[in-house]
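The primary structure of each chain is shown beneath.
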Amino acid sequence: MRHMILILGLAAVLVLSLAGLRGCASRRPPIEIFPDMDRQPKLRPQARNPLFPDGRSSRQPVEGTIARQAAWDGSPENTGRHPGTTNDVEVLPVPVTPSLLARGQERFGIHCQPCHGPLGDGRGIASRYGMIPAANFHDPRLVRMPDGEWFRVITEGRNQMAAYASQVPAPDRWAIVAYLRALERSRLGTVEDIPEPLRSEWRK
Amino acid sequence: MPGVFPKWTNQLPLNIAAGLAIAGAAVAAGLGYYFTPKYTRVGYQPIQPVPYSHATHVEQLGMDCRYCHAGVERSWFAGLPDASRCMNCHHQVLAGDPRLAPVRDSMQTGAPVAWIQIHRTPDYVYFHHAAHIRRGVSCLHCHGRVDQFEEVRHDQPLSMSFCLECHRRPEAYLRPLDQVYNLGWNTDPARQNEQGRLLALTGDMRPPLSCSGCHR
């Protein structure tokens, strides 16, 4: 009888301690005992694949090929330059609409803000942790820079800034340029920009 | 007097003990497998090659998920960032830090950083990130408070019942589109239902409940 109680007690301890492990952190990978077609021999992005010499299932495009929908031709929309020249286009070649500006604001917040800051003054949060302050968009030199050059800076990078072409597709780059122009306007405004009837409400 | 119990019963207590021990072991093994991260994956927290912290980058620096997980709003696969994306900042910040050595190596050689994938549904399940993100389902519901994790762990079960719970009643989870990446966003539950119902109605949302929706 005493043995029975002992065994039951041990079993209870075992069950409780194991059931209590439910949801606990584990460093070891899950074990898939029954295959159940959980893992099928198909390509998955960013996964290991022994079929290829470099062991990656995500393939680089074959040299000399262009993906569908890729920005490939020399049109201003893709290069920021007048076709066949190295002259930057003065104004962005896409129609500026409220939705373009909204898109630009969103993309700016994702990709530019960490370094250039929400105001575009180059003092983003990363500059507080040892980044050299990034370019200030309100610098007169930059305000005068043509739209096409802005586009190319995002595409190719400049000075300390790396190229963002792989990260921000071309239409989004134009949206960001459009938003930057609005951001610059916000610091260049004068009293004359305020509509006449509202001007009396304006205070310094 | 002949024994009330035949002789073989002398073995009985031993047999019962052995049987109980075997049953106990089976139960323990079952629990140890089916109730722990070995099977459910919940709690799986592998040691990554770089001690990357979402708490530092998202909570402290205020970065958006899409800076790194760019695929999340346009494809089924969220994608992990390549080394060049980390180097946008880390060519200056912590430029010589030993913790970032694998990232610098990857930048030089082109071989990927060997991140270990944590969340992974079986291959017979069709899941699509963008279909959820663009309708106002936040990362929070499926991945937990990633923005506060020092290390990512598998937070939600991602089992069939988990998926269906929301597909049957999406209004309890839906958010305005601009709050999807803000994991700390909160409304009181009563308003959530009201607002969610409105979003589900105006968006004409019909999350699949039939088998072929997720097993195609």
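Residues numbered from 1 in each chain as written. Chains lettered and ligands numbered in written order. Predicted model: local features only at pLDDT ≥ 70, side-chain atom pairs only at ≥ 80, totals over all residues. Heavy atoms only, no water.

Engineer: A description of the interface of chain A and chain B should follow, citing residues and the corresponding values.
Structural biologist: Counting residues at the interface gives 47 residues for chain A, matched by 48 residues for chain B. Summed over both partners, the interface of chain A with chain B buries about 4,400 Å², with 56% contributed by carbon and sulfur atoms. Taken together, chain A and chain B are joined by 6 salt bridges. Note that Arg107(A) and Glu73(B) form a salt bridge whose closest N and O atoms lie 2.8 Å from each other. On inspection of chain A and its partner chain B, the count reaches 24 residue pairs in polar contact (both at pLDDT 80 or more). (Contact = heavy atoms within 4.5 Å. Buried area = accessible area lost by both parts, 1.4 Å probe. Salt bridge = Lys/Arg side-chain N within 4 Å of Asp/Glu carboxyl O. Polar contact = N/O pair within 3.5 Å; in protein donor to acceptor, adjacent residues only side chain to side chain.)

Engineer: So what's going on with the packing of helix H5 (residues 83–90) of chain B against helix H6 (residues 101–109) of chain B? Residues and values would help.
Structural biologist: Residue and element names in this part refer to chain B. Axis separation between H5 and H6 bottoms out at 9 Å; the angle between their running directions is 115°. Along this stretch, H5 crosses H6, giving a crossing that reads as left-handed. Side by side, H5 and H6 meet where Ala83, Ser84, Cys86 and Met87 of the first sit next to Val103, Arg104, Ser106 and Met107 of the second. Looking at the contact of H5 with H6 residue by residue, the class counts come to 5 nonpolar, 2 polar and 1 charged. (Axes fitted to C-alpha atoms, helices over the stretch in contact; angles between N-to-C directions. Helix = DSSP H or I, 4+ residues; strand = E, 2+ residues; numbered from the N terminus. Left-handed = near helix turned anticlockwise from the far one by under 90°. Nonpolar A, V, L, I, M, F, W, Y, C, P; charged D, E, K, R; others polar.)

Engineer: Account for the confidence of the model for chain A, with residues named and values stated.
Structural biologist: Here chain A averages 83 in pLDDT, and 92% of its residues register 70 or above. At the low end of the mean pLDDT range in chain A sits helix H1 (residues 2–19) of chain A, at 68; at the high end sits helix H3 (residues 98–116) of chain A, at 92. (pLDDT = per-residue confidence, 0-100.)

Engineer: I'd like a rundown of the state of the cysteines, residues and numbers included.
Structural biologist: Taken as a whole and assessed by the stated rule, the structure comprises 0 disulfides over all chains. Left without a disulfide partner, Cys115(A) is nearest to the cysteine sulfur of Cys89(B), which lies 4.2 Å away. Classification of Cys115(A) by relative accessible area gives buried; the value is 16%. No disulfide involves Cys139(B); its nearest neighbouring cysteine sulfur is the one of Cys65(B), lying 4.4 Å away. For Cys139(B), a relative accessible area of 15% corresponds to the buried category. (Disulfide = S-S within 2.5 Å. Buried < 20%, exposed > 50% of the residue type's maximum accessible area, 1.4 Å probe, protein only.)

Engineer: If you had to explain the nonpolar core to someone new, which residues and values would you point to?
Structural biologist: Counting 27 residues, the largest nonpolar core has Phe108(A), Phe137(A), Trp150(A), Trp174(A), Ile176(A), Leu180(A) and Tyr67(B) as the members making the most contacts within it. Counting residues per element, this core draws most heavily on helix H6 (residues 170–188) of chain A, at 9 residues. Once you skip the residues sitting within four places of it in the chain, Phe108(A) turns out to touch Gln113(A), Gly117(A), Pro118(A), Gly120(A), Phe137(A), Ile176(A), Tyr179(A), Leu180(A) and Leu183(A). The next biggest cluster of nonpolar side chains, apart from the first, holds 10 residues, and it includes Cys65(B), Ala78(B), Val146(B) and Leu183(B). (Core = buried A, V, L, I, M, F, W, Y, C linked by side-chain atoms within 4.5 Å.)

Engineer: Pulling in residues and values, what's your account of the pattern of salt bridges?
Structural biologist: According to the stated counting rule, one finds 25 salt bridges over all chains in the structure shown. Across the pair Glu156(A) and Arg152(A) runs a salt bridge, and its minimum N-O distance is 3.5 Å. Taken together, the residues span about one helical turn, with Glu156(A) and Arg152(A) both in helix H5 (residues 147–156) at a distance of 4 residues. One salt-bridge network, in which partners are shared between bridges, spans Arg103(A), Glu106(A), Arg107(A), Asp172(A), Asp64(B), Arg66(B) and Glu73(B).

Engineer: Go over the environment of Glu194(B) with me, naming the residues and quoting the values.
Structural biologist: All names here are of chain B. With respect to the element layout, glutamate 194 can be found in helix H10 (residues 189–202). By relative accessible area, glutamate 194 is classed as exposed at 57%. Along the chain, glutamate 194 and phenylalanine 5 lie 189 residues apart, while their C-alpha atoms are 72 Å from each other.

Engineer: Let's hear about the packing of aromatic side chains: which residues, and what values?
Structural biologist: All names here are of chain A. The final tally for this structure, using the stated rule, is 9 aromatic pairs over all chains. Taking the centre distance of 5.4 Å and the plane angle of 55° together, the rings of phenylalanine 108 and tyrosine 179 count as tilted. Remark: tyrosine 179 occurs in helix H6 and phenylalanine 108 occurs in helix H3; sequence separation between them is 71 residues. Each of the two residues, phenylalanine 108 as well as tyrosine 179, counts as buried. Between phenylalanine 137 and tryptophan 150, the ring centres sit 5.2 Å apart and the planes meet at 80°, which makes this aromatic pair edge-to-face. (Phe/Tyr/Trp six-rings, centres within 6.5 Å; stacked < 30°, edge-to-face > 60°.)

Engineer: Hey, could you go over the packing of H3(A) against H6(A) for me, with residue numbers and the actual values?
Structural biologist: Residue and element names in this part refer to chain A. Packing of H3 against H6 leaves a shortest axis separation of 7 Å and a crossing angle of 95°. With respect to each other, H3 and H6 are oriented roughly perpendicular. Contacts from Leu100, Leu101, Arg103, Gly104, Gln105, Arg107, Phe108 and Cys112 of H3 reach H6 at Asp172, Ala175, Ile176, Ala178, Tyr179, Leu180, Ala182 and Leu183. Residues of the contact of H3 with H6, tallied by class, amount to 11 nonpolar, 2 polar and 3 charged. (Parallel < 35°, antiparallel > 145°, perpendicular 65-115°, else oblique.)

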